[in-house]
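# Structural features, examined
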Amino acid sequence: MRRTVWALALLAVIGVVSTVLPRLVNPYIMQVAVLCGINVILAVSLNLINGFTGQFSIGHAGFMAVGAYGAAMFTLQLGQRWAGAMMAAGLPPVVAQGAALCVALAVGGLLAALAGYLVGLPSLRLRGDYLAIVTLGFGEIIRVLILNIDAIGGARGLFGIPVWVNLFWVAVGAVGVVLLSLHLATSTHGRALFAIRDDEVAAEALGVDTTRYKVLAFVLGSFFAGIAGGLFAHFIGYLNPSSFQFLKSIEVIAMVVLGGMGSVSGAVFAAILLTVLPEVLRPVKDYRMVLYSLMLIILMITRPQGLMGSREISWGWLRGRRRAPGAA
Amino acid sequence: MKSRALRHTGIVAVAAAGLLATALGLVASGCAKSGGPSEIVIGVYGSLTGNDADFGQSTRKGVELAMDELTRNSQGAIGGLKVRSVVEDDQGKPEEAVTVVQKLVTQDNVCAVIGEVASSRSIAAAPKCQDAGVPMISPSSTNPKVTQVGDYIFRMCFIDPFQGTVMAKFAAQNLKLTHVAILKDVKNEYSVGLAQFFSQAFIKLGGKIDVESAYSAGDQDFRSQLTSIKARNPQAIFLPGYYTEVGLIARQSRELGLTVPILGGDGWESDQLIGIGGDALNGSYYSNHFAADNPDPNLQGFLQRYKAKFGMEPNSIGGLAYDAANVLFGCMKQLHDTDAATFAALGSAKAGTPERRAADKKLRDLIAATKNYPGVTGTITLDKDRNASKPAVVLEIKNGKKVYNTTIAP
Amino acid sequence: MSEFLQQLINGITQGSVYALIALGYTMVYGILRLINFAHGDVYMLGAFFAYYSARMFGAAQNPNPAKALIVLLSAMAGCGIVGWVIERAAYRPVRRSSRLAALITAIGVSLLLENGGQILFGADPKFFPQIIPLRNIPLGHGVTVSNQQLIILTVSLGLMAILRFIVMNTRTGRAMRAVSYSHTAAALMGIDVDRIISFTFVLGSMLAAAAGVLVALQDPKIEPYMGVLPGIKAFVAAVLGGIGNIPGAVLGGLVMGIAEVLVVGYVSPSLRDAIAFVLLIVILLVRPAGLLGRNVTEKV
């Protein structure tokens, strides 16, 4: 009961903020805010795999691509017609499109989760850098496959995806994945994930089903990456395989590590920081990426444990009592 | 349970506050820059960094040269309003292109946008211009889809179906070829499109495609593709890629003893093409927007000034960007001469206001009416689909020089 | 048949390039357990250093082997210094932190070299002077091999032999092996770990420089982003062969080069970038530590 109230209150807040904000700031800033939100989802979802479970994955852009193309194809084939039918039946466009969008996102997320399951399987056998390179490989294979499937646009890209996503949907997604992660961190399942990260052999000895939990982390992480991809597709309105290159995965990894492995709030902050930083650096023109990379190096040297370490921001932390729910 | 919920809400609140703070920071930084009433701002976007950096840089140089001339001829002003350009980098990513164009039309208050080279990025960003009612001129995106986005989107170049037909005709009729191989760049929608249009046209003219092979931009080694092509004995290779790879491909094909002529499109046009390809390119042909040995004083003047300013030969991308900027300036001048009040709104009205939209609409109409504009890349007339219809020239490479061979009209 | 032989030669050339880059990856990894993402960009710097030194020495005009050797050595020296600086300034401060922090630093260095390179050298691709003119050697039945391909192959094998000698037969090499086994134990034995790590980086960067020069010689187009793709592929090759293992890197490089070429020639050229990874996944599922790697159960 209490939870429902909280959830509804939160939705209301997001709704109000995302209707009021566009009146205050210009569309460019709204755009950056939406991209921040999408990156938050990506970073927090990767944090489930890398930060919580200690499985080193660098193929997140691949899952995002699966979700993006899955959701977009669904909308183009069915969702658009459904939304049209619902509007014809008298529903307001926002509701009709929202409903169609939700289904599309679910389709994208589930497809990405399936891909995550497939990638998660080798993680049972491979460790550390070997797993990393396999996930990188999966990401690249997915990209090359998309490039070679003409039905989804290939190199031309996928056009004409309806733009249904605004700050509201992205904020709901971001808040959702953040809350779920935090909830997971304090649950039995989360403890099992941490145990695998800290010492897999000991975790196994203590009766943690490491196989199941590792695959679970991959499936959950890639599901949300797929959601992020679906949001991205319905926000930009155009998909091209070049958006999902290896460098995109690297960007997300940088967010997780910079935030502090295992820290959800750290991932959130780092995602926002690394999205806004290149925008703020625009005035320096050609030197922008040079400065960006220098700042990344300096940040890593000065705070190698990440901005938040493995702590979380909480009321207690803000008042000075430092607890570390994730690092127990 | 309660405390956890509370704590979570706290985190969300802090995160939201952080988001808001950064957003406000962006607003503050944006307000300081937006154009005053005494200037007109035009936006330019392109890949200034990343793999395709050369294209973005060439576009920027072309526009810069046009700006220089405006400064020389009229103190950089049109109708008493100073013209300023804002150049933004999209790193060669479609989603960044969307972001920067959004920034240009809302934050920088631009009244027109010039960009992109790559069709994928033009297609991604064009809806932002269309929605904001700001004309966008793509100097060199040749994919037909670009201008289909809407009536505010223009281009200064011909489109791929035409270019593919030109080379097919040239191969079948001028060179009398009956069977050729195709080697395209699968990562590049320009190359894939051009290959498709060429092969359709060539087959219609009675030709045969021996084999269609592919590579990805960024590859250094094409020997295995070329070895397979050689085994089919084609009379020529159609290679609709960018010059960055063409030089190496030509070299490696000669190395493998594959000596048939290579045919290509305007993506070849660059000073670097022959620098890298060397003798291997002799006897090859490609379609282009202009021939550098054309004595037209307009073109020769451009080539000279470009070389003097940047210390390198321009490529067609630079030339098209130069034309795009000049067409835009011309239309602005025309708007000032015919309707000074509306013109003033380009500078004084904020983006999105009705006055500004009206002024941009007028500017759009003038661009759409562009006819017989004497550009350095040929005479430009925009057709009803807002594509430039202009003849293509076919150049032959002879002893390391690009020589005019023939002109093929649309 | 002649087509197949020609493809095989193409594959071996391509593979020896991967092998050469993979050597540097594998060495740094063996000692530091760090995926040095900047390695591909050091390779790019090698090509550019050679480009400028070739112009300085006029190596393209009446080329001779001595000039070519000077160009090669100066590029290797330049990259050796760059490697030393990178290790000192960027990697050493994060060495005691998590390996992921080091990885992100490496990515930062990689982006810095690419974008800095673009500002320094310009974005347009440059033509690398022909310091050794191309000569084709026909092998009959339409199969040819070029002198440059032969040079790449011999230099790669030569450098690999030298490297193996350094690692297996010198005091420094023994120290390197000790450090790769355990930093702490090596330090307790009186080995200056910092010095050995610096040495490894210098050596790895010099190898990357050699690879850069050799590839630029054969495929004379150089630009600031030329190291990205070969860098990733070479890393995959190193993992394929068993990372940390020197003969493994060479074997992995060759296997990958040949596999790629065969896929391009006989399956579908557009699957080229995927095949490297498919092969990798298949091999790792069968042999989780790579072709020549020893399977050690990691406890941590």
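Chains are numbered independently. Their residues run from 1 in the order of the written sequence. Lettering for chains starts from A, numbering for ligands starts from 1, and both go in the order in which the items are written. Two thresholds apply to this predicted model, a pLDDT of at least 70 for residue-level local features and 80 or more for giving and counting side-chain atom pairs, whereas whole-chain, interface and lining totals are computed over all residues.

### Side note on the overall build of chain C
Let me state the cut-off plainly: A helix here means a DSSP run of H or I that spans at least four residues, while a strand means a run of E at least two residues long, and both kinds are numbered starting from the N terminus. Three exposure classes are used, based on other C-beta atoms lying within 10 Å of a residue's own C-beta, which is placed from the backbone: buried for 20 or more, exposed for 12 or fewer, and partly exposed in between. C-beta atoms are first placed from the backbone for all residues, and any pair lying within 7 Å is then listed as a contact.
Scanning chain C from N- to C-terminus turns up eleven helices and four strands. The buried share among the 300 residues of chain C stands at 58%. Long-range pairs, those at least 24 residues apart, make up 75% of the contacts in chain C between residues at least 6 apart in sequence.

### Side note on the sheet that holds strand E2 (residues 77-78) of chain B
Residue and element names in this part refer to chain B. The following threshold applies: Strand pairing follows a simple DSSP-based rule, namely that at least 2 bridges must link the two strands. To obtain each axis, a line is fitted to C-alpha atoms, and for helices this fit is confined to the stretch in contact; angles are then taken between N-to-C directions over 0 to 180 degrees.
Strand order in the open sheet made by the six strands is E2-E3-E1-E4-E5-E6, with mixed pairing throughout. Two strands close off the open sheet at either side, each with one partner strand: E2 and strand E6 (153-155). Where strand E1 (residues 39-46) meets strand E4 (residues 112-114), three bridges bridge the pair, whose relative direction is parallel. Of the residues in E4, the one forming a bridge with Gly-43 is Val-113. Of the strands in this sheet, E1, strand E3 (81-89) and E4 are in contact with helix H3 (residues 94-107), which crosses E1 at around 180°.

### Focus on the interface of chain C and chain A
Each side of the interface is counted separately: chain C has 35 residues, and chain A has 34 residues. Secondary structure elements with two or more residues in the side of chain C that touches chain A: helix H4 (99-121), helix H9 (228-241) and helix H11 (272-286) of chain C. Broken down by element, the side of chain C that touches chain A gets its largest block of residues, twelve residues, from H4 of chain C.

### What about the sheet that holds strand E11 (residues 285-288) of chain B?
For sheets, the rule is that strands pair by backbone hydrogen bonds, running either parallel or antiparallel. All names here are of chain B. Spatially, E8-E7-E9-E10-E11-E14-E15 is the arrangement adopted by the seven strands of the open sheet, whose pairing is mixed. Both outer strands of the open sheet, strand E8 (208-215) and strand E15 (401-408), are each paired with one neighbouring strand and no more. Sheet topology note: the strand E7 (residues 179-185)/E8 ladder contains six bridges and is parallel. Across the sheet, the residue bridging to Asp-185 is Tyr-215, located in E8.

### A word on the confidence of the model for chain C
How we decide: pLDDT measures the predictor's confidence residue by residue and takes values from 0 up to 100.
The pLDDT averaged across chain C works out to 86; a share of 97% of its residues lies at or above 70. Interface confidence for the predicted complex, given as ipTM, is 0.87, next to a pTM of 0.87.

### Quick look at H9 of chain C
Residue and element names in this part refer to chain C. Heads up, the condition is: Expected span of a helix: the number of residues minus one, times 1.5 Å.
Here H9 contains 14 residues, and its C-alpha end-to-end distance of 20 Å stays within 8% of the 20 Å for a straight helix at 1.5 Å per residue. Among the 14 residues in H9, 13 count as buried, and that is most of the element. At the C-terminal side of H9, Gly-242 shows a positive phi close to 105°.

### Observations regarding unusual backbone geometry
For the bond from Gly-115 of chain B to Glu-116 of chain B, the omega torsion is -10°, close enough to zero to count as cis. Mapped onto the fold, Glu-116 of chain B is located in the loop between E4 and helix H4 (119-132). One non-glycine residue, Gln-75 of chain B, adopts positive backbone phi at about 50°. Mapped onto the elements of the fold, Gln-75 of chain B is located in the loop between helix H2 (53-74) and E2. Looking at Gln-75 of chain B, the number of C-beta atoms within 10 Å reads 9, which means it is exposed. Positive phi values are uncommon outside glycine, yet Arg-33 of chain C reaches one of about 55°. With respect to the element layout, Arg-33 of chain C can be found in the loop between helix H1 (2-32) and helix H2 (39-57). A count of 14 C-beta atoms within 10 Å places Arg-33 of chain C in the partly exposed class.

### Let's talk about the packing of H2 of chain C against H4 of chain C
All names here are of chain C. Rule in force here: The cut-offs work like this: below 35 degrees is roughly parallel, past 145 is roughly antiparallel, 65 to 115 is roughly perpendicular, and the gaps in between are oblique. Take the far helix as the reference: if the near one is turned anticlockwise from it by less than a right angle, the crossing is left-handed, and if turned clockwise, right-handed. Ten residues, namely Ala, Val, Leu, Ile, Met, Phe, Trp, Tyr, Cys and Pro, are considered nonpolar, four, namely Asp, Glu, Lys and Arg, are considered charged, and the remaining ones, Gly among them, are considered polar.
Contact geometry for H2 and H4: axes closest at 9 Å, N-to-C directions at 25°. Between H2 and H4, the crossing angle belongs to the class labelled roughly parallel. Of the two possible hands of crossing, H2 and H4 adopt the one that is left-handed. Within the contact between the two elements, H2 uses Asp-41, Met-44, Leu-45 and Phe-48 and H4 uses Ser-110, Leu-113, Glu-114, Gly-117 and Phe-121. A breakdown of the residues in the contact of H2 with H4 according to their chemical character gives five nonpolar, two polar and two charged.

### Things to note about helix H5 (residues 147-169) of chain C
One full turn of an α-helix is made of 3.6 residues, so residues set three or four places apart face in the same direction. Residues and elements named next belong to chain C. Taking 1.5 Å of rise per residue, 23 residues should cover 33 Å, and H5 covers 32 Å from first to last C-alpha, within 8% of that figure. Within H5, the full set of buried residues consists of Gln-148, Gln-149, Ile-152, Leu-153, Ser-156, Leu-159, Met-160 and Leu-163. Elements in contact with the buried residues of H5: H1, strand E3 (144-146), helix H8 (193-218) and helix H10 (246-266).

### Concerning the environment of Ile-274 of chain B
Residues and elements named next belong to chain B. Residue position: Ile-274 is located in helix H10 (residues 271-277). The exposure class of Ile-274 is buried, given the 23 C-beta atoms found within 10 Å. In this structure, the C-alpha to C-alpha distance between Ile-274 and Lys-402, residues 128 residues apart in sequence, is 8.8 Å.

### Points about the pairing of strand E14 (residues 392-398) of chain B
Residue and element names in this part refer to chain B. The buried fraction of E14 amounts to five of the seven residues, a majority that puts the element mostly inside the structure. Where E11 meets E14, four bridges bridge the pair, whose relative direction is antiparallel. Paired with Tyr-285 across the two strands is Glu-396, which belongs to E14. If you look at the hairpin formed by E14 and E15, you'll find two residues sitting between the two strands, and Asn-399 has a positive phi there, around 45°.

### Here's the deal with the packing of helix H3 (residues 65-91) of chain C against H8 of chain C
Residues and elements named next belong to chain C. Between H3 and H8, the shortest axis-to-axis distance is 7 Å and the interhelical angle comes to 140°. Relative to H8, the element H3 lies oblique. Regarding H3 and H8, the two cross each other, and that crossing is right-handed. When H3 is examined against H8, the residues Val-71, Leu-72, Ala-75, Met-76, Gly-78, Cys-79, Gly-80, Val-82, Gly-83, Trp-84, Ile-86 and Glu-87 are found in contact with a partner set consisting of Ile-197, Ser-198, Phe-201, Val-202, Gly-204, Ser-205, Met-206, Ala-208, Ala-209, Ala-210, Gly-212 and Val-213. Tallied by class, residues from the contact of H3 with H8 come to 16 nonpolar, seven polar and one charged.

### Focus on the nonpolar core
Here is the rule: For this entry, the nonpolar core is defined as buried Ala, Val, Leu, Ile, Met, Phe, Trp, Tyr and Cys residues connected by C-beta atoms within 7 Å.
Grouped together as the largest cluster of nonpolar side chains are 361 residues, with contacts concentrated most on Ala-43 of chain A, Val-113 and Leu-328 of chain B together with Ala-210, Val-213 and Val-236 of chain C. If near-sequence neighbours (up to four positions away) are discounted, Val-213 of chain C is found in contact with Gly-46, Ala-47, Ala-50, Val-71, Leu-72 and Ala-75 of chain C.

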